[in-house]
Amino acid sequence: MGVSGLSTGRGGTGAFRRFRFWVSLCVVGVLFWFLMGALEREAERAERVAVGVVLNQVRSALVIKAAEIRVTGKGRYQGWAGTNPMALLRSAPSAYRGLCEGTGPEPGQWCFASQLVENGQDGES
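Residues numbered from 1 in each chain as written. Predicted model: local features only at pLDDT ≥ 70, side-chain atom pairs only at ≥ 80, totals over all residues. Heavy atoms only, no water.

Would you take a moment to explain the pattern of salt bridges for this structure?
Oppositely charged side chains may form a pair once their charged atoms are brought near each other. Counted according to the given criterion, the structure contains 2 salt bridges. Residue Glu 42 is joined to Arg 45 by a salt bridge in which the shortest nitrogen-to-oxygen separation is 3.2 Å. A residue pair is termed a helical-turn pair when its members lie 3 or 4 positions apart in one helix, as Glu 42 and Arg 45 do in helix α1 (residues 14-72) at 3 residues. The salt bridge partner of Glu 68 is Lys 65, with a shortest N-O separation of 2.9 Å. A residue pair is termed a helical-turn pair when its members lie 3 or 4 positions apart in one helix, as Glu 68 and Lys 65 do in helix α1 at 3 residues. (Salt bridge = Lys/Arg side-chain N within 4 Å of Asp/Glu carboxyl O. Helix = DSSP H or I, 4+ residues; strand = E, 2+ residues; numbered from the N terminus.)

Structural data, given as structure tokens:
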């Protein structure tokens, strides 16, 4: 017999096996909880990085378009105001939904608003 009165022999008694099962289940549950937290943090970090990459691509496309306008002398910068910058990219991001309609895109999606939109309402502020 063990110190607690539970058999620790080979195979053990039914009570000791149940005790080991519950302890193992608790340990696995705690490990799973920590794993889910880490996965959530990494998913958020990956999304921030992806957004940063897309913004840098748009920024680069705008710089190239501005240089093209300046070098060729065709057109004016003001003529490009309100133009959808995603049209300058070779391929739009997978979460991009085109022009905004209604209240805007679902969470995690992007759209282009031809007018300034703040706090979900059209207009100036």
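When you look at the packing of aromatic side chains in this model, what are you seeing that I'm missing?
Each aromatic ring pair is described using two quantities: the centre-to-centre distance and the angle formed by the ring planes. Enumeration according to the criterion identifies 3 aromatic pairs in this entry. Both rings, one in Phe 21 and one in Trp 22, keep their centres 5.2 Å apart while their planes meet at 70°; by these two values the pair is edge-to-face. (Phe/Tyr/Trp six-rings, centres within 6.5 Å; stacked < 30°, edge-to-face > 60°.)

By themselves, these are just geometric observations and shouldn't be taken as functional.
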